[in-house]
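# Understanding the architecture of this molecule
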Amino acid sequence: MAGRSAVPGSGRNWKRFTEAAIAIKITLTPENLNKMVSQFSNEFLNAQVKTDTIELHIFRHFPRITLSIKNGEIVSNALAPLRADSTCSIPTAADTLLKFKSFDVSLSLIGLLNSDVRIRRASIVSPKIYAYIAPDSTANFDIFKVAEDETEEVEEDEGSLMSVSMNSISIK
């Protein structure tokens, strides 16, 4: 059986992986990744997401792809209305929800292509988390924006849901 793979369909998977990896590496440059993170965070978060660099590595944990973020910070805007009120005293650092030196996440590219997020490993180095709840119960971690049309329950099509799984996480 020369020339045949022992695993059915594996030749097609490797071809798909190679094509996707090349396309991703060409289009998802650090500059484009930074723009995407900024765009999505502005759209979905009531916070500013700041990073020095965001890079995509194809061969670091091959055959998985690795997304690396260096010197990240999430600054919440949830407390901004309270800061305008001079009668409410909020600690200066309360806006900074998270700071970290680096964050790496390794994902299955084939899984991503099939809407199946399989995180093999995630690692965060030197995280500093400041969860704060103000006297009026406003929390700095309440940063997800809710669209007006999402306030009512909407029945989801089960076929459109994305599967997410994680094998390991490390905090250093």
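Because the structure is predicted, anything quoted here is derived from the model rather than measured. Sequence order as written defines residue numbering, which begins from 1 separately in each chain. For a predicted model such as this one, the threshold for reporting local features is a pLDDT of at least 70, and the threshold for listing and counting side-chain atom pairs is 80 or more; totals across whole chains, interfaces and linings nevertheless cover every residue. Hydrogens and water are ignored here; the side-chain numbers use all heavy atoms of the structure.

## Some details on the side chain of Asp 104
- You can see Asp 104 is positioned in strand β4 (residues 96–107).
- Side chain to side chain, Asp 104 and Ser 68 meet in a polar contact 2.9 Å long.
- Between two residues, a contact is recorded if the distance between any of their heavy atoms is within 4.5 Å. Aside from chain neighbours lying at most four places away, what touches Asp 104 is Arg 60, Thr 66, Leu 67, Ser 68, Ile 69, Lys 70, Arg 121, Ala 122 and Ser 123. Note on conventions: DSSP H or I runs of at least 4 residues are helices, E runs of at least 2 residues are strands, and numbering of each starts at the N terminus. In the analysis that follows, any N or O atom pair within 3.5 Å is treated as a polar contact, provided that within protein one partner can donate a hydrogen and the other can accept it, and provided that, for residues neighboring in sequence, both atoms belong to side chains.

## Quick look at the packing of aromatic side chains
- Centres within 6.5 Å make a pair out of two Phe, Tyr or Trp rings, where for Trp the six-membered ring is used; the pair is then stacked when the planes are under 30 degrees apart, edge-to-face when over 60, and tilted otherwise. Taken as a whole, this structure holds three aromatic pairs when the rule is applied.
- The interplanar angle of 10 degrees and the centroid separation of 6.3 Å between the aromatic rings of Phe 40 and Phe 44 together place this pair among those described as stacked. Pair noted here: Phe 40 and Phe 44 are both in helix α2 (residues 30–44), with a separation of four residues, about one helical turn.
- Between buried and exposed lies partly exposed: a residue is buried under 20% and exposed over 50% of the maximum accessible area for its type, with that area taken using a 1.4 Å probe on protein chains only. Since its relative accessible area comes to 42%, Phe 40 is described here as partly exposed.
- Assessed through its relative accessible area of 44%, Phe 44 is described here as partly exposed.
- With a centroid separation of 6.1 Å and 75 degrees between ring planes, the pair formed by Tyr 130 and Tyr 132 is classed as edge-to-face.
- Under the relative-accessibility criterion, Tyr 130 is labelled partly exposed at 29%.
- Look at Tyr 132 and you get buried, because its relative accessible area is 13%.

## Brief notes about the pairing of strand β5 (residues 116–125)
- Should DSSP find at least two bridges between two strands, the strands are taken to pair. Pairing of β4 with β5, which is carried by six bridges, proceeds in the antiparallel orientation. Across the sheet, the residue bridging to Phe 103 is Ile 124, located in β5.
- Pairing of β5 with strand β7 (residues 163–171), which is carried by eight bridges, proceeds in the parallel orientation. Its bridge partner being in β7, Ile 124 is matched across the sheet by Ile 171.

## What about the nonpolar core?
- In terms of nonpolar packing, the biggest core is built from 25 residues, with Phe 17, Ile 65, Ile 74, Leu 107, Leu 109, Ile 119 and Ile 143 touching the most fellow members.
- Every element with two or more residues in this core is listed here: α1 (10–27), β2 (53–61), β3 (64–76), β4, α4 (109–113) and β5.
- Of the residues forming this core, the biggest block, five residues, is contributed by β4.
- When residues no more than four places from it in sequence are discounted, the contact partners of Ile 65 are Leu 56, His 57, Ile 58, Val 105, Ser 106, Leu 107, Leu 109 and Leu 112.
- Residue types Ala, Val, Leu, Ile, Met, Phe, Trp, Tyr and Cys, when buried and joined through side-chain atoms within 4.5 Å, form a set referred to as a nonpolar core. In terms of nonpolar packing, the next biggest core, distinct from the first, is built from six residues, Leu 79, Ile 90, Tyr 132 and Ala 134 among them.

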